[in-house]
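Remarks on the overall topology
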Amino acid sequence: MELDELGLVPEESVVYQMLIAHPPAPAEAIGAATGLSVERAAAALCSLVTRGLVVRAADGHRYAAAPPAVALGAELAVHRERLQRAELTVARLTEAYRMATADRAQRELVEIVEGGEAIATRYRQLQLSARHTIDIFSAGRPQAVTPADSEEVTAIARDVRVRAVIDQGFMREPGAAENVAQSLADGVQVRTVTEVPYKLILCDDSVAMLPLHGRNADVDPAVVLHGGLTHMARELFEQVWERGSPYQGEPGAGVDPVDVHILRLLLAGLTDTAVATQVGLSARTVQRRIQLMMSHAGATSRLQLGWYAGQHGWV
């Protein structure tokens, strides 16, 4: 039975445990039973009486243990109260520390950009400041940052590698296919996925900008992350890039550019109707051209057509 947690010194603990298991006894007998001198046993008994753990018998010579549930329950209550006060103190100190360091951490690692014009300006600044790499997630409708805000050509001219992952939502927007084609011509490496996690630009693996409130929120405000906080963005980009489908550059000779356009959009996951909107044809015409391509490739399904197109350099 460990009583030191309740503040009893070893001699008090030994004496109390002895009295728990034995009938009332005088100090001399208690000392003999515990191996203590009469003086040390008497001192321990005096302390235990003061704390209410031991009571003196009516004859004034013998001592008995007070019921543990009552005596030690009071001790436990005192310790619980002390522990609660200590927890409150730790909580106050933690909050004070957080408040003292939050502003400094925000200045050094996090930057909040508000307003469409400010976000577009910061986006261009990031691209122009890149020295080695620019990685981009493009999702849905362009908002604060449009293709006109891009400085990709300037970055590529400085031998900066630019990669972009675009999703189906982006490809369904008017003029998206033409913008992607221009990016490919400029030297941007492009891959497509069904959906990217959120809009993102990551430069030199050391600074990133993304919407503050996530994928389905407005891009204003945006948050710019610096230093170690960009590690998660870098790892996420690499994972999405690896599972993306390459959006190829120049088609092979003898392939109608309109058909190449249709194939690329199909491989990006767009529906016939969405493809028709992008290429400026009716859905029926798009389907007819797909059937002609399948016949030329000897394919019985669109999956086979996609494989044939990739193998023969159509896309």
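Attention in this report is confined to the structure presented alongside it. (Residues numbered from 1 in each chain as written. Predicted model: local features only at pLDDT ≥ 70, side-chain atom pairs only at ≥ 80, totals over all residues. Heavy atoms only, no water.)

**Points about the packing of helix 1 (residues 10-21) against helix 2 (residues 27-34)**
Between helix 1 and helix 2, the least distance of the axes is 10 Å, while the angle of their chain directions is 105 degrees. Here helix 1 is positioned roughly perpendicular relative to helix 2, judged by the angle of their axes. Contacts between helix 1 and helix 2 involve Val14, Val15, Met18 and Leu19 on the former and, on the latter, Ile30, Ala33 and Thr34. Looking at the contact of helix 1 with helix 2 residue by residue, the class counts come to 6 nonpolar, 1 polar and no charged. (Axes fitted to C-alpha atoms, helices over the stretch in contact; angles between N-to-C directions. Helix = DSSP H or I, 4+ residues; strand = E, 2+ residues; numbered from the N terminus. Parallel < 35°, antiparallel > 145°, perpendicular 65-115°, else oblique. Contact = heavy atoms within 4.5 Å. Nonpolar A, V, L, I, M, F, W, Y, C, P; charged D, E, K, R; others polar.)

**What to know about helix 2**
Because an α-helix completes one turn every 3.6 residues, residues spaced three or four positions apart along the sequence face the same direction. Taken together, the buried positions of helix 2 are occupied by Ala27, Ile30, Gly31 and Thr34. Along the long axis of helix 2, the arc covered by the buried residues comes to 100 degrees, so they all point the same way. Residues Glu28, Ala32 and Ala33 are exposed on helix 2 and point more than 90 degrees away from its buried face. Against the buried residues of helix 2 lie helix 1, strand 1 (25-26), helix 3 (38-50) and strand 3 (62-65). In the stretch just after helix 2, Gly35 is the one whose phi turns positive, near 80 degrees. (Buried < 20%, exposed > 50% of the residue type's maximum accessible area, 1.4 Å probe, protein only. Arc of directions from axis to C-beta.)

**Some details on the nonpolar core**
In terms of nonpolar packing, the biggest core is built from 51 residues, with Ile134, Met171, Leu305 and Trp314 touching the most fellow members. Ignoring anything within four residues of it in the chain, the contact list for Met171 reads Ile166, Ala176, Ala177, Val180, Tyr247, Leu265, Ala268, Leu270 and Gln278. (Core = buried A, V, L, I, M, F, W, Y, C linked by side-chain atoms within 4.5 Å.)

**Topic: the sheet that holds strand 1**
Think of a sheet as strands paired side by side through backbone hydrogen bonds, with each pair either parallel or antiparallel. Strand order across the open sheet formed by 3 strands is 1-3-2, with antiparallel pairing between neighbours. Strands with a single pairing partner mark the edges of an open sheet, and in this sheet they are strand 1 and strand 2 (54-56). (Pairing = 2+ DSSP bridges.)

**Remarks on the pattern of salt bridges**
Per the stated rule, a full pass over the model turns up 11 salt bridges. For Arg122, the salt bridge goes to Glu111, with nearest N and O atoms at 3.0 Å. Within this pair, whereas Arg122 is found in helix 5 (residues 116-129), its partner Glu111 is found in strand 4 (residues 110-113), the two being separated by 11 residues in sequence. When its relative accessible area of 17% is taken as the criterion, Arg122 is described as buried. A salt bridge links Arg163 to Asp135; its shortest N-O distance comes to 2.9 Å. In this pair, Arg163 is assigned in strand 6 (residues 161-167) and Asp135 in strand 5 (residues 133-138), connecting sequence segments 28 residues apart. Side by side, Arg163 and Asp135 carry an identical accessibility label, which is buried. Taken together, the salt bridges that share partners define one network made up of Asp135, Arg161, Arg163 and Glu238. (Salt bridge = Lys/Arg side-chain N within 4 Å of Asp/Glu carboxyl O.)

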